[in-house]
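Understanding the architecture of this molecule
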Amino acid sequence: MLLAIDCGNTNTVFSIWDGAEFIASWRTSTEHQRTADQYYVWLSTLMKLQNIEARITDMIVSSTVPRVVFNLRVLADRYFNTRPLVVGRPDCALPIEVRVDAGTQVGPDRLVNTVAGYDLYGGDLIVVDFGTATTFDVVDSDGAYVGGVIAPGVNLSLQALHEAAAALPHVDISRPQRVVGTNTVACMQSGIFWGYVGVIREVCARIKAERERPMKIIATGGLAPLFQQAEDLFDDWKDELTMHGLRVIHNYNKTEGSNP
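The shown structure was predicted, so the numbers you read here are calculated from the model rather than taken from an experiment.

Side note on the layout of surface pockets
- Within this model, the largest pocket holds a volume of roughly 930 Å³.
- In terms of lining, the largest pocket is formed by 35 residues, of which the most central are Gly8, Asp129, Phe130, Gly131 and Thr132.
- Taken together, the elements giving at least two residues each to the lining of the largest pocket come down to strand 2 (11-17), strand 3 (22-29), helix 3 (108-121), strand 6 (125-130), strand 7 (133-139), helix 4 (154-164) and helix 7 (241-254).
- A per-element tally of the lining of the largest pocket places helix 4 first, with 4 residues.
- There is about 400 Å³ of room inside the second largest pocket.
- Looking at the lining of the second largest pocket, the elements with two or more residues in it are helix 2 (66-80) and helix 3.
- Taken together, the residues that form the lining of the second largest pocket break down as 10 nonpolar, 6 polar and 1 charged.

Shown next as structure tokens:
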């Protein structure tokens with residue numbers, strides 16, 4: 001069984017693949033101080049609560065927080081007797097090319113999403129990921145990652161408004177009934193929601209114009225369904241896109257990637 005771990009700046013997701021499907025998925029806050037023992041106690045407790053008996057034989061990690069990787073490696077070695085694949089490390093092969101400026105470090109989550117997008121939808125894609133940052137990843141016709149765009153995340157923007165302006169409260173993101181708000185909360189929700197609709201629409205339009213070809217727009221992340229309500233911004237959205245990509249990369253390394 002495969003334990004796939006997607007460690008982002010805010011949350012970390014653990015999912016178990018049994019060879020046919022993901023049988024469980026759990027989310028926790030990302031904390032670099034958390035030890036391997038704490039991870040195991042948390043994970044094994046959740047498995048017992050759901051009556052899951054899983055013998056983990058393999059592990060793959062995508063992490064945008066480098067300090068977390070060490071303890072995840074210890075987790076794999078101490079409790080599962082395996083050496084994890086870590087996306088972005090030299091020993092983790094990718095089934096795609098990365099065509100960016102020399103010396104550029106591409107976030108592993110963006111590479112994983114590119115792999116998943118190409119595997120599911122083919123080439124000429126824009127993958128929009130709603131995370132701590134909102135990222136736009138451009139996938140070439142042959143599946144290569146060729147660059148993208150990084151914008152502040154939706155929740156990060158709301159938090160910045162709340163922290164920088166004493167009179168503005170913390171609000172939850174939702175689609176407002178009207179564009180023009182008649183109270184502070186409604187005004188903030190409208191600005192964030194319709195502001196990001198504009199960002200998504202404009203950035204994707206400019207990418208398509210620059211690439212001079214039709215491109216599918218695929219969204220992932222918790223807020224993708226909310227923004228999909230706004231006049232069909234995306235051709236499709238997939239909640240577990242990153243996990244799918246981790247599984248594809250793991251399979252590649254077990255077969256072709258291990259024998260280049």
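Let's talk about the environment of Ala209
- Structurally, Ala209 is set in helix 5 (residues 184-211).
- Residue classification places Ala209 among the exposed positions, given a relative accessible area of 55%.

Digging into the sheet that holds strand 7
- What the 5 strands build is an open sheet, ordered 8-7-6-9-10; its pairing is mixed. Sheet topology places strand 8 (145-152) and strand 10 (236-237) at the edges, where each strand pairs with a single neighbour.
- Bridge analysis of strand 6 against strand 7 gives 6 bridges, and the strand direction is antiparallel. Across the sheet, residue Ile126 finds its bridge partner in strand 7, namely Val138.
- Sheet contacts for helix 5: strand 6, strand 7, strand 8 and strand 9 (216-220); angle to strand 7, the most-contacted strand, approximately 20 degrees.

Overview of the packing of helix 1 (residues 36-49) against helix 2
- In the contact formed by helix 1 and helix 2, the axes pass within 8 Å of each other and the chain directions differ by 65 degrees. As helix 1 packs across helix 2, the resulting crossing turns out to be right-handed. Across from Ala36, Asp37, Tyr39, Tyr40 and Leu43 in helix 1, the residues of helix 2 making contact are Val68, Asn71, Leu72, Val74, Leu75, Arg78, Tyr79 and Phe80.

Section: the pairing of strand 8
- With 6 bridges joining them, strand 7 and strand 8 adopt antiparallel strand pairing. For Asp137, the partnering residue across the bridge sits in strand 8 and is Gly148.
- Linking two consecutive strands that pair antiparallel, namely strand 7 and strand 8, is a turn of 5 residues; a positive phi of about 90 degrees is found at Gly143 within it.

Quick word on the side chain of Thr220
- Position of Thr220 relative to the elements: it lies in strand 9.
- Using a relative accessible area of 2% as the deciding quantity, one classes Thr220 as buried.
- At 2.7 Å, the side chain of Thr220 and the backbone oxygen of Lys238 are in polar contact.
- Non-local contacts of Thr220, meaning those with residues more than four positions away in its chain, are made with Asn113, Val128, Asp129, Phe130, Lys238, Asp239 and Leu241.

Each value, and the rule that gives it
Residues numbered from 1 in each chain as written. Predicted model: local features only at pLDDT ≥ 70, side-chain atom pairs only at ≥ 80, totals over all residues. Heavy atoms only, no water. 1 Å grid on protein atoms, 1.4 Å probe; cavity = no way out; pocket = protein on both sides within 12 Å on 5 of 7 lines; lining within 4 Å. Points joined across faces, edges and corners; volume = space filled by probe spheres on them. Helix = DSSP H or I, 4+ residues; strand = E, 2+ residues; numbered from the N terminus. Nonpolar A, V, L, I, M, F, W, Y, C, P; charged D, E, K, R; others polar. Buried < 20%, exposed > 50% of the residue type's maximum accessible area, 1.4 Å probe, protein only. Pairing = 2+ DSSP bridges. Contact = heavy atoms within 4.5 Å. Axes fitted to C-alpha atoms, helices over the stretch in contact; angles between N-to-C directions. Left-handed = near helix turned anticlockwise from the far one by under 90°. Polar contact = N/O pair within 3.5 Å; in protein donor to acceptor, adjacent residues only side chain to side chain.

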